[in-house]
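# Results of the structural survey
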Amino acid sequence: MNSIKRLLDEEKVAMEAVAEAKQQRAQKLREARTEALAEIEHIEEEKKHELEVLKEQRLEKLDSFSEQLQSDTAKHIDELYERAQVNFEKAVLYAVDDVINVTL
């Protein structure tokens with residue numbers, strides 16, 4: 001009878017140890033999950049920041065390119081206008097010469 005009671009007591013101790021081990025394992029899993037989620041959130045924030053910095057850099061380059069393009073276009077338009085003005089003045093001079101030559 002003592003041996004049965006002793007076996008039952010040992011089984012109870014073993015079951016309690018198993019239950020405690022399961023609880024500890026579940027707690028460690030919860031802690032690991034919480035840590036992993038915190039790490040993932042941290043990485044996401046870093047990547048969002050990196051993406052924002054990259055966007056800003058690209059926008060700055062685009063703005064710089066746009067400004068340069070506007071400047072180049074304005075310079076080209078000015079050159080075309082000056083050439084057109086010179087050509088017009090030459091045409092006027094030729095017309096005046098033709099009128100003078102016809103009247104002489």
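This text goes with the structure placed above it.
Let me begin by describing the structure that accompanies this report.

### Quick word on the overall build of the protein chain
A count of helices and strands for the protein chain gives one helix and zero strands. Whereas a compact globule of 104 residues would reach a radius of gyration of roughly 13 Å, the protein chain reaches 44 Å, over 25% beyond that. With the principal axes as the frame, the protein chain shows a C-alpha extent of 150 × 15 × 5 Å. Per-residue burial for the protein chain yields a buried fraction of 0% across its 104 residues. Roughly 10,100 Å² of accessible area belongs to the protein chain as shown, and the carbon and sulfur atoms make up 59% of that amount. Distance from the positive charge centre (16 side chains) to the negative charge centre (25 side chains) of the protein chain: 15 Å.

### Some words on the environment of L80
Position of L80 among the secondary structure elements: in helix α1 (residues 2–103). Given a relative accessible area of 40%, L80 falls into the partly exposed group. Residues L80 and E60, spaced 20 residues apart in sequence, show a C-alpha to C-alpha distance of 30 Å.

### What about the pattern of salt bridges?
Per the stated rule, a full pass over the model turns up four salt bridges. In this structure, K48 and E45 form a salt bridge, with 4.0 Å as the shortest nitrogen-oxygen distance. Of the two residues, K48 and E45 are both situated in helix α1; the distance of three residues between them amounts to about one turn of the helix. K55 is paired through a salt bridge with E52; the nearest N and O atoms lie 3.7 Å apart. Taken together, the residues K55 and E52, both in helix α1 and three residues apart, mark about one turn of the helix. Assessed through its relative accessible area of 43%, K55 is described here as partly exposed.

### Digging into a nonpolar patch on the surface
Taken together, L59, L62, F65 and L69 make up a surface patch of nonpolar side chains, about 410 Å² in accessible area. Looking at the element boundaries, L59 is found in helix α1.

### Topic: a negative patch on the surface
On the surface, a cluster of negative charge is made up of E56, E60, D63 and E67. If you trace the backbone, E56 turns up in helix α1.

What counts and how
Residues numbered from 1 in each chain as written. Predicted model: local features only at pLDDT ≥ 70, side-chain atom pairs only at ≥ 80, totals over all residues. Heavy atoms only, no water. Helix = DSSP H or I, 4+ residues; strand = E, 2+ residues; numbered from the N terminus. Rg over C-alpha atoms; globule rule 2.2 N^0.38 Å. Buried < 20%, exposed > 50% of the residue type's maximum accessible area, 1.4 Å probe, protein only. Areas by Shrake-Rupley, 256 points an atom, 1.4 Å probe, with all protein chains shown as cover. Lys, Arg positive; Asp, Glu negative; His and termini not counted. Charge placed at Lys NZ, Arg CZ, Asp CG, Glu CD. Salt bridge = Lys/Arg side-chain N within 4 Å of Asp/Glu carboxyl O. Patch = residues over 30% accessible without salt bridge, like charges linked within 9 Å, V, L, I, M, F, W, Y side chains within 5 Å.

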